[in-house]
Amino acid sequence: MTTARDKLFIFDTTLRDGEQSPGASMSPQDKLRIAKQLEFLGVDVIEAGFAAASPGDFESICAISKVIRNSTVCSLARANPSDVRKAGEAIAAAPRRRIHTFIATSPLHMEKKLNMTPEQVISRAVEAICIAKEYTDDIEFSCEDASRSQPEFLYRIIEAAIREGATTINIPDTVGYAVPSEFGAFVRDLREHVYNSDQAVWSVHCHNDLGLAVANSLSGVIHGGARQIECSINGLGERAGNCALEEVVMAVKTRNDFFKLGVDINTRQLVPTSKLVSSVTGFPIQPNKAVVGSNAFSHASGIHQDGVIKHRETYEIMTAEDVGWTSNRMVLGKLSGRSAFRQRVRELGIPTKSEAEIDDAFARFKDLADRKVQIFDEDIQSLFDAKNIQPQEISFVSLKQESQTGKTPVAEVTYMDHGEQRVGRAEGNGPVDATFQAIESCAKSGAELLLFSINALTKGAEAQGEVTVRLSVGGRVVNGNGSDPDVLAASAKAYLDALNKLAKVEERKNPQFDHEPTP
Ligand SMILES: CC(=O)SCCNC(=O)CCNC(=O)[C@H](O)C(C)(C)COP(=O)(O)OP(=O)(O)OC[C@H]1O[C@@H](n2cnc3c(N)ncnc32)[C@H](O)[C@@H]1OP(=O)(O)O
Ligand SMILES: CC(C)C(=O)C(=O)O
Ligand SMILES: [Mg+2]
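Remember, predicted model here, so these are calculated numbers, not experimental data. (Residues numbered from 1 in each chain as written. Chains lettered and ligands numbered in written order. Predicted model: local features only at pLDDT ≥ 70, side-chain atom pairs only at ≥ 80, totals over all residues.)

1. Here we look at the overall build of the protein
Here is step 1: Looking only at helices and strands, the protein has 17 helices and 16 strands in total.
Here is step 2: Considering the protein as a whole, with its 519 residues, one finds that 43% of them fall into the buried category.
Here is step 3: Considering only contacts within the protein whose residues lie at least 6 apart along the sequence, 65% involve residues at least 24 apart. (Helix = DSSP H or I, 4+ residues; strand = E, 2+ residues; numbered from the N terminus. Buried ≥ 20, exposed ≤ 12 C-beta atoms within 10 Å, placed from the backbone. Contact = placed C-beta atoms within 7 Å.)

2. Describing the site of ligand 2
Here is step 1: In the vicinity of ligand 2, the contacting residues are Asp17, Leu76, Phe102, Ser142, Glu144, Asn170, Pro172, Thr174, His205 and His207.
Here is step 2: Among the secondary structure elements, those contributing two or more residues to the shell around ligand 2 are strand E5 (139-144) and strand E6 (168-173).
Here is step 3: By residue class, the composition of the shell around ligand 2 is 3 nonpolar, 5 polar and 2 charged. (Near = placed C-beta within 6 Å. Nonpolar A, V, L, I, M, F, W, Y, C, P; charged D, E, K, R; others polar.)

3. Description of the site of ligand 1
Here is step 1: Near ligand 1, the surroundings consist of 15 residues, among which Ala53, Arg78, Ala79, Ile103 and Leu114 are the closest.
Here is step 2: Of all elements in the fold, only strand E4 (97-104) and helix H4 (107-114) reach the threshold of two or more residues within the shell around ligand 1.

4. Concerning helix H1 (residues 28-41)
Here is step 1: With 14 residues, H1 ought to run about 20 Å at 1.5 Å a step, and its terminal C-alpha atoms sit 20 Å apart, in line with that.
Here is step 2: By the burial criterion, the buried members of H1 are Lys31, Ile34, Ala35, Leu38 and Leu41. The arc enclosing the buried residues of H1, seen along the axis, measures out at 115°, which places them on a common side.
Here is step 3: The elements touched by buried residues of H1 are strand E1 (9-12), strand E2 (45-50), helix H2 (55-67) and helix H11 (270-281).
Here is step 4: Positive backbone phi, approximately 100°, marks Gly42, located one or two places after H1. (Expected span 1.5 Å × (residues − 1). Arc of directions from axis to C-beta.)

5. Some words on the sheet that holds E4
Here is step 1: In spatial order, the strands read E1-E2-E3-E4-E5-E6-E7-E8; together these 8 strands close into a barrel with parallel pairing. This sheet shows a mean twist of 25° between the axes of neighbouring strands, independent of strand direction.
Here is step 2: Two elements, E1 and E2, share 2 bridges in a ladder whose sense is parallel. Its bridge partner lying in E2, Asp12 is registered against Ile46.
Here is step 3: Packing against the sheet, helix H8 (residues 213-222) makes contact with E6, strand E7 (201-206) and strand E8 (228-231), and its axis sits at approximately 165° to E7. (Pairing = 2+ DSSP bridges. Axes fitted to C-alpha atoms, helices over the stretch in contact; angles between N-to-C directions.)

6. What to know about the sheet that holds strand E13 (residues 420-427)
Here is step 1: With antiparallel pairing, the 3 strands of this open sheet are ordered in space as E11-E12-E13. Every interior strand has two partners, whereas the edge strands, strand E11 (394-402) and E13, have only one. Along the sheet, successive strands turn relative to each other by an average axial angle of 15°, direction set aside.
Here is step 2: Bridge analysis of strand E12 (residues 410-417) against E13 gives 8 bridges, and the strand direction is antiparallel.

7. Remarks on the nonpolar core
One broad trend across soluble globular proteins is that nonpolar side chains are buried collectively.
Here is step 1: Within the largest apolar cluster, 96 residues are counted, with the highest numbers of intra-cluster contacts made by Ile10, Ile46, Ala125, Ile158, Ala161, Ile229 and Val248.
Here is step 2: One finds Phe396, Ala411, Leu471 and Leu499 within the second-largest nonpolar core, a separate group that totals 31 residues. (Core = buried A, V, L, I, M, F, W, Y, C linked by C-beta atoms within 7 Å.)

8. Digging into the UniProt feature "binding site: Mn(2+)" (unreviewed entry) in the protein
Here is step 1: Per the UniProt record, "binding site: Mn(2+)" (unreviewed entry) is annotated on Asp17, His205, His207 and Asn242. Over a stretch of 226 residues, the named residues converge on one spot in the fold, their C-alpha atoms separated by at most 10.3 Å.
Here is step 2: By secondary structure assignment, the location of His205 is in strand E7.
Here is step 3: Non-local contacts of His205, meaning those with residues more than four positions away in its chain, are made with Ser142, Asn170, Pro172 and Glu230.
Here is step 4: Mapping Asn242 onto the fold places it in the loop between E8 and helix H9 (245-254).
Here is step 5: With near-sequence residues (within four places) excluded, Asn242 lies in contact with Thr13, Asp17, His207, Asn208, Ala213, Glu230, Cys231, Ser232, Gly235, Leu236 and Gly237. (UniProt positions renumbered as here; feature names shortened; annotations may be inferred.)

9. Some points on the confidence of the model for the protein
Here is step 1: For the protein, mean pLDDT is 92; residues scoring 70 or higher make up 93% of the total.
Here is step 2: The weakest mean pLDDT in the protein belongs to helix H15 (residues 377-385) at 80; the strongest belongs to E4 at 99.
Here is step 3: Counting contacts from residues 512-519, a segment whose pLDDT is below 50, to residues more than four positions away or on other chains yields 10 contacts.
Here is step 4: With pTM at 0.79, the complex prediction returns an ipTM value of 0.98. (pLDDT = per-residue confidence, 0-100.)

10. Comments concerning the domain arrangement of the protein
Here is step 1: Annotation of the protein at the domain level lists domain 1 (9-281), domain 2 (298-385) and domain 3 (394-509).
Here is step 2: When each unit is reduced to the centre of its C-alpha atoms, the spacing between domain 1 and domain 3 is 47 Å. (Domains from an automatic or database assignment.)

11. Re the packing of helix H7 (residues 180-193) against H8
Here is step 1: Where H7 contacts H8, the axes come no closer than 8 Å and their chain directions differ by 35°. In the packing of H7 onto H8, the handedness of the crossing is right-handed. Contacts from Pro180, Ser181, Phe183, Gly184 and Val187 of H7 reach H8 at Ala215, Asn216, Ser219, Gly220 and Ile222.
Here is step 2: Across the contact of H7 with H8, the residue classes break down as 5 nonpolar, 5 polar and no charged. (Left-handed = near helix turned anticlockwise from the far one by under 90°.)

12. Some words on the environment of Thr267
Here is step 1: Assignment of secondary structure puts Thr267 in the loop between helix H10 (256-259) and H11.
Here is step 2: Taking the C-beta count within 10 Å as the criterion, Thr267 has 21 such neighbours and is therefore assigned buried.
Here is step 3: C-alpha of Thr267 to C-alpha of Gly42: the two residues are 225 residues apart in sequence and 8.8 Å apart in space.
Here is step 4: In this structure, Thr267 is in contact with Val249, Met250, Lys253, Asp322 and Val323, ignoring residues within four places of it in sequence.

13. Remarks on the environment of Val67
Here is step 1: Structurally, the position occupied by Val67 is in helix H2.
Here is step 2: For Val67, a count of 13 C-beta atoms within 10 Å corresponds to the partly exposed category.
Here is step 3: Separated by 27 residues in the primary sequence, Val67 and Ala94 place their C-alpha atoms 7.7 Å from one another.

14. Things to note about the pairing of strand E3 (residues 72-78)
Here is step 1: Among the 7 residues that make up E3, 7 are buried, leaving the element largely enclosed by the rest of the structure.
Here is step 2: Residue alternation in E3 divides its side chains into two sets, Thr72, Cys74, Leu76 and Arg78 and Val73, Ser75 and Ala77, and both sets are buried.
Here is step 3: Here E2 pairs with E3 via 5 bridges, running parallel. The residue bridging Glu47 from the neighbouring strand is Cys74, located in E3.
Here is step 4: In this fold, the crossover linking E2 to E3 by way of H2 has right-handed handedness.
Here is step 5: In this fold, the crossover linking E3 to E4 by way of helix H3 (residues 81-90) has right-handed handedness. (Right-handed = clockwise from strand over helix to strand, strands pointing away.)

Take a look at the structure:
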């Protein structure tokens, strides 16, 4: 447990600034799911929305306030009485509740946007804080566009805000204009010149227009003395986004020797939270994204793979498990070496008689990798299978489909499993899903579908469809392919092909593998 002095508060704004990402609008149900996950992750504050923005946002903050118990629930409000009252009403049910009121303080914004004098801006801020006090004693005040504001004006407005009752002072780099050393010094200068600065927690809110949001936030903490960082999952936010929560948290944790600050975040929930936000918003996570990208703990080059196999820390500064991945990953390709190849062969349970046999297969592997971008487990298997081709044990027989607009599609798939005929029938979200569910109703493999793609093998409406599915079970990943003029039949064939490959991996690992059909 960390003490108040050395604790760094994590203020999550995925549901407010995150939703300002063009295209990232979230339904109230989605927001509630994300809020619960953020609470589980352990964030100190959840900025649940902007109550005055719409009746939907108001209701969604109310709903979140009713269920969240361990994080503070916060609503944003402009510095006007009606926004502040709406925010206060929306968060009323939360045991820990905060009103976050803001007004722009840069000459540009005050003159061109607000059309207010600096004195009017100060009195608006003070009035908003005064009204907020009717609803809570946890009040945050933000000087929007602070990094382009004049320090002398900021001293005055911040002093007035704290005097009126603001308990957190947030310094936003609203347009991502700051650079790290300058921003840290800027926050420190404000803290040193505001006479009552010690009566509030100082916070930073950095945007990523120049890709500096995490660096600026950390500088605000280490050089400026801020003790709250405003951030969002996957760095979601207005324009180029906000400081990414997963990055800033792991920076502080991994370099605790330098930061010496406590963050009470359950880091094993970072990847699940990132995946949830990505699936709700439809914003994919780039593979090379720090911490939560699929490549963040993947090693593709032989020298690195060899190092990691010998001693993980040679090329990893965090563990994959600590941020919520199942494990790190060795990706086999043309840059891989013998070490990683040998390890994968063993993991797949492929029997080998000698090092020479592995060397021989490795030479063929390099040749294949020169021609194929990604090498999957079944490609490795096939290097050894070439001499010992086994018949397909699971094979497609026929498919019946019932699809009609407005009705749930139903599929019936007949297939052979080690000599037994199996017939599976199921409904699904679409015809392809119904087909896969029908197979799973018999096969019960528990496989997760990682990829589904269709290509036309020939031109024209009668084109043969080639389907690829990628399945994962217990860390094993295989691809299955199927082709047929009927893309649904091609999909069923591809799924069954992948199940075949999974079964072969099991057979190799455990020769006693039971072929009895599932009842
Ligand atoms: C930096 C940030 O991220 S700030 C948060 C940004 N988020 C959002 O804007 C999302 C939610 N916003 C909305 O739904 C709408 O903009 C509303 C409901 C808040 C306001 O809608 P409208 O009343 O139609 O106003 P509109 O959005 O066109 O203009 C904003 C008005 O607020 C004023 N304003 C802007 N910021 C502030 C502030 N912090 N305090 C007081 N007034 C402000 C503007 O000067 C403008 O006033 P004007 O209409 O008198 O010129
Ligand atoms: C409302 C404030 C904190 C904001 O989002 C910004 O200035 O970027
Ligand atoms: Mg912002």
